[in-house]
Amino acid sequence: MTEPKKYVLSGPNGADTFRNLPEGTKITTIYEGAGEITANPGDGAYVLVRFTEHRDPAVVGTEEFVFFNEVREATE
């Protein structure tokens, strides 16, 4: 089994990488949450995420906008 592709969101190309994350990419946030990108407007500022895990159980299953500086990791 192969490792999932990890997107590098830091460094000089981090913003471009974030701007182009495809729908379906899995992310983890700095706020102890994880989910899947459901929409990316391609502006490099935020993505819409459906949460599958969160420190607040009421957030699980909801969609929220997550900004670039709130994303810890993104993988396929």
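Up top is the structure.
Residues numbered from 1 in each chain as written. Predicted model: local features only at pLDDT ≥ 70, side-chain atom pairs only at ≥ 80, totals over all residues. Heavy atoms only, no water.

1. Considering the sheet that holds strand β5 (residues 63–67)
So, point 1. Taken together, six strands build an open sheet; the order of strands is β1-β6-β2-β3-β4-β5 and the sheet is antiparallel. Taken across any chain shown, the strands that pair with only one partner, and hence form the sheet edges, are β1 (6–7) and β5.
So, point 2. Examined bridge by bridge, strand β2 (residues 26–29) and strand β3 (residues 34–39) share three bridges and lie antiparallel to one another. Across the sheet, the residue bridging to Lys26 is Glu36, located in β3. (Pairing = 2+ DSSP bridges. Helix = DSSP H or I, 4+ residues; strand = E, 2+ residues; numbered from the N terminus.)

2. Digging into the nonpolar core
So, point 1. Ile27 and Val49 are the most contacted members of the largest nonpolar core, which has 13 residues in total.
So, point 2. Of all the elements in the fold, those that place two or more residues in this core are β4 (46–53) and β6 (71–75).
So, point 3. Per-element tally for this core: the top contributor is β4, with three residues.
So, point 4. When residues no more than four places from it in sequence are discounted, the contact partners of Ile27 are Gly33, Ala34, Gly35, Ile37, Val49, Val66, Val71, Glu73 and Ala74. (Core = buried A, V, L, I, M, F, W, Y, C linked by side-chain atoms within 4.5 Å. Buried < 20%, exposed > 50% of the residue type's maximum accessible area, 1.4 Å probe, protein only. Contact = heavy atoms within 4.5 Å.)

3. Overview of the pairing of β2
So, point 1. Burial along β2 is one-sided: the residues Ile27 and Thr29 are buried and none of Lys26 and Thr28 is.
So, point 2. Relative to β6, β2 runs antiparallel, the two sharing four bridges. Residue pairing in the sheet places Ile27 in a bridge with Ala74 of β6.

4. Observations regarding the environment of Val8
So, point 1. With respect to the element layout, Val8 can be found in the loop between β1 and α1 (14–19).
So, point 2. Beyond its immediate chain neighbours, meaning those up to four positions away, Val8 contacts Gly14 and Thr17.

5. Quick notes on the side chain of Glu70
So, point 1. If you trace the backbone, Glu70 turns up in the loop between β5 and β6.
So, point 2. The side chain of Glu70 is buried and forms no salt bridge, while Arg55, the nearest opposite charge, is found at 9.1 Å.
So, point 3. Residues within four places of Glu70 in sequence aside, it is in contact with Thr28, Thr29, Ile30, Tyr31 and Phe65. (Lys, Arg positive; Asp, Glu negative; His and termini not counted. Salt bridge = Lys/Arg side-chain N within 4 Å of Asp/Glu carboxyl O.)

6. Considering unusual backbone geometry
Excluding glycine, residues mostly carry a negative phi; peptide bonds, for their part, are mostly trans.
So, point 1. Of note in this structure, Glu32 is not a glycine but carries a positive phi near 60 degrees.
So, point 2. Note that Glu32 resides in the loop between β2 and β3.

7. Some points on the environment of Ile27
So, point 1. Counting through the fold element by element, Ile27 comes out in strand β2.
So, point 2. Between the C-alpha atom of Ile27 and that of Ser10, which follows or precedes it by 17 residues, the distance is 14 Å.

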